[in-house]
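Read off the chains here:
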Amino acid sequence: MKKTRIRVLVGKPGLDGHDRGAKVIARALRDAGMEVIYSGLHQTPEQIVEAAIQEDVDVIGISVLSGAHMTIFPRIKELLKEQDAEDIVLMGGGTLPEEDVTSLLEAGHAEALFTPGAPTTEIVNWIREKLTAVNEDVI
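Thresholds applied
- Residues numbered from 1 in each chain as written.
- Predicted model: local features only at pLDDT ≥ 70, side-chain atom pairs only at ≥ 80, totals over all residues.
- Heavy atoms only, no water.
- Pairing = 2+ DSSP bridges.
- Helix = DSSP H or I, 4+ residues; strand = E, 2+ residues; numbered from the N terminus.
- Buried < 20%, exposed > 50% of the residue type's maximum accessible area, 1.4 Å probe, protein only.
- Arc of directions from axis to C-beta.
- Contact = heavy atoms within 4.5 Å.
- Core = buried A, V, L, I, M, F, W, Y, C linked by side-chain atoms within 4.5 Å.
- Patch = residues over 30% accessible without salt bridge, like charges linked within 9 Å, V, L, I, M, F, W, Y side chains within 5 Å.
- Areas by Shrake-Rupley, 256 points an atom, 1.4 Å probe, with all protein chains shown as cover.
- Salt bridge = Lys/Arg side-chain N within 4 Å of Asp/Glu carboxyl O.
- Lys, Arg positive; Asp, Glu negative; His and termini not counted.
- Charge placed at Lys NZ, Arg CZ, Asp CG, Glu CD.

A. Broad picture of the pairing of strand β2 (residues 35-38). Pairing of strand β1 (residues 7-11) with β2 involves four bridges; the strand directions are parallel. Bridge pairing in β2 places Val8 opposite Val36.

B. Quick peek at helix α4 (residues 98-106). For α4, every residue scored as buried is listed here: Asp100, Val101 and Leu104. Buried residues in α4, looked at end-on, bunch into an arc of 105°, giving them a common side. Residues Glu98, Glu99 and Glu106 are exposed on α4 and point more than 90 degrees away from its buried face. Those residues of α4 that are buried are in contact with α3 (69-82) and β5 (112-114). Backbone geometry just downstream of α4 places Gly108 in the positive-phi region, at approximately 80°.

C. Layout of the nonpolar core. In this structure, Ile60, Ile62, Phe73, Ile76 and Leu80 are the most contacted members of the largest nonpolar core, which totals 22 residues. Mapped by element, the contributors of at least two residues to this core are α2 (45-54), β3 (59-64), α3 and α4. For this core, the element with the highest residue contribution is α3, accounting for five residues. Look past the residues within four positions of Ile76 in its chain and what remains in contact with it is Pro45, Ile48, Val49, Ile60, Ile62 and Leu90.

D. Quick look at a negative patch on the surface. Together, Asp56, Asp84, Glu86 and Asp87 make up a negatively charged patch on the protein surface. Within the secondary structure layout, Asp87 lies in the loop between α3 and β4 (89-94).

E. View of the pattern of salt bridges. This model, assessed by the stated rule, comprises eight salt bridges. Of the charged contacts in the structure, one is a salt bridge between Glu55 and Arg7, with a shortest N-O distance of 3.0 Å. Of this pair, Glu55 sits in the loop between α2 and β3 while Arg7 sits in strand β1, and the two are 48 residues apart along the sequence. Residues Glu46 and Arg75 are paired through a salt bridge, measuring 2.7 Å at the closest nitrogen-oxygen approach. Of this pair, Glu46 sits in helix α2 while Arg75 sits in helix α3, and the two are 29 residues apart along the sequence.

The following block contains the structure:
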């Protein structure tokens, strides 16, 4: 059986214009053998979910530095549910207060959140472990 590459959409929602971290993560995922689609700056949750579905991704990774994370993650999760695309893993990172990380994870609005300083290998490994747990045909 042929193995398929993990496909990840990296998104930058809202008015946040700082995308260096998102580009670093996108490159690390690409270098780890994943297919990466970068949505670009100033995307709405609707645009991100639409692109994720069109591109048939396994994972959406959201980078948020603007402070809008408590609105953006729940909205993306809601849109995934509305589109019957809840199999797409939602993760993210950025400058997120620890109490907000806990709240978002406990509420199920994200499956993993990484804050500044997280090693890219930790993110790559988390994605691989998460996806191979449900589909051993991904690499």
